[in-house]
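Okay, here's what each chain looks like letter by letter:
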Amino acid sequence: MTAFSSIRATPLRCGAALLLIAALAACTKPPPPEEPVRAVKVITIGASAFASEPEFSAEVKARVESRLGFRVAGKIIKRQVDLGQHVKAGQVLAQLDPQDYRLAAEAARAQSAAALTNRDLASADLKRYRELKEQNFISGAELERRETTYKAAQAQLEQAQAQLSSQGNQASYTTLVADVSGVVTAVEAEPGQVVTAGMTVVRIAQDGPRDVVFAVPEDRAGFVKVGSPVTVRGWANDSEQEGTVREVAASADPVTRTYSVKVAIDAADAPALGATVYARPKSLARSGTPVIKLPTSALREEGKATAVWVLDKATMTVRSQPVQLATADGNEAVVAGGLTPGMLVVVAGVHVLSPNQKVTVYESKVGGTPVAPAPGAVKTVAPAASGAAR
């Protein structure tokens, strides 16, 4: 009986063991699938000559722009010019109400007439007393008093005449006249407005030399020198003309931190005032410097640094390579450091790769031939960063 029981128990224990093994196998996680081998496009890094000629947006302005205003205060009753109108020297621009100044001139004229009468009376008295003194009818002290009275009357007459001239000038100042020929570039007051003395009413861009004005960054201002050549290109018709730097601002703009540059151009061929043009300073041009350029699609952010994927042909894996950028050239980036000629850099699909991932070089489906990197197409950044950056 005991032997029979042990014979029956043996298969039961075997079945339990098999169930336990199956349960443990069901709890074990399946191995992760192997990462797919991705096809990537690569280019071969090579140094090429870097030609850079920065171009700045600029504006055509008059060499001299006058801000004209009345020399006296008053109410504007008439304005004879409009924005954009060409005016000549001596042309009337605007007028103030002259009534108060005319009345003041009339009062000064009356005071001058009264002073003239007093002076004439004092002169007649002095002549008469001199005759009396010659006949010894009056003392010398009396004659001196008459001479003093005459001198005082003469001084009062000169004062009144000066006041009359001043009031006459004040009345003439109620008419604003252009002192130069030019174009009205701004009108800052209208009829009916009360203006103070010296307040700008009209701005006039004087006829004559023209300047092209643009701003350069703080790190490039030191390379722009007075007298250096600048090529000016029109925005509307792409016509070009040569100019020279006439002035570079001594201090940076407090808001933009840029330096203003004025370029003198020939007024005969200059675009219209206020026209947008492009300026290319020759002193900022860089050519012949060996550089390495990369398509921007090859760049990626790695923390706070910029990096690219470099292909190891021996293992067909990619590794991350930090790079330093110098500047941009269109849709390409100029590399200042981190790469050397001959490296294979991934230029497409960089955001789906991981370190040491196996890849294959992409082959065109048309004809089954691999896409060979064109050395001329691969423009990479120069080893000399600071020089290329500028």
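Since the structure is predicted, the reported quantities are computational estimates derived from the model, not experimental observations. (Residues numbered from 1 in each chain as written. Predicted model: local features only at pLDDT ≥ 70, side-chain atom pairs only at ≥ 80, totals over all residues. Heavy atoms only, no water.)

Within the chain, Arg257 stands out as a residue other than glycine whose phi angle is a positive 60°. Note that Arg257 resides in the loop between strand S14 (240–248) and strand S15 (259–265). Of the residues examined, Arg257 reaches a relative accessible area of 42% and is grouped as partly exposed. (Helix = DSSP H or I, 4+ residues; strand = E, 2+ residues; numbered from the N terminus. Buried < 20%, exposed > 50% of the residue type's maximum accessible area, 1.4 Å probe, protein only.)

This part is about the sheet that holds strand S4 (residues 65–68). Taken together, the four strands give an open sheet; going across it, the order is S4-S11-S9-S6, and neighbouring strands pair in antiparallel fashion. Strands at the two margins of the open sheet, each flanked by one partner only, are S4 and strand S6 (86–87). When S4 meets strand S11 (residues 202–206), the two strands line up antiparallel, connected through four bridges. Its bridge partner lying in S11, Arg67 is registered against Arg203. (Pairing = 2+ DSSP bridges.)

The next thing to look at is the confidence of the model for the chain. Averaged over all residues, the pLDDT of the chain equals 83, while 82% of them reach at least 70. Here helix H4 (residues 385–389) stands out as the element of the chain with the lowest mean pLDDT, 34, in contrast to strand S7 (residues 92–96), whose mean of 95 is the highest. Across residues 1–7, where pLDDT falls below 50, the model places zero contacts with residues more than four positions away in sequence or in other chains. Confidence drops under pLDDT 50 across residues 367–390; counting only partners more than four residues distant or on other chains, this segment forms 65 contacts. (pLDDT = per-residue confidence, 0-100. Contact = heavy atoms within 4.5 Å.)

Okay, helix H3 (residues 140–172) next. Taking 1.5 Å per residue, 33 residues should reach 48 Å; H3 reaches 48 Å between its end C-alpha atoms and fits that length. Glu142, Leu143, Ala153, Leu157, Ala160, Gln167 and Ala171 are the residues of H3 that are buried. Looking at the buried residues of H3, the elements they touch are helix H2 (99–134). (Expected span 1.5 Å × (residues − 1).)

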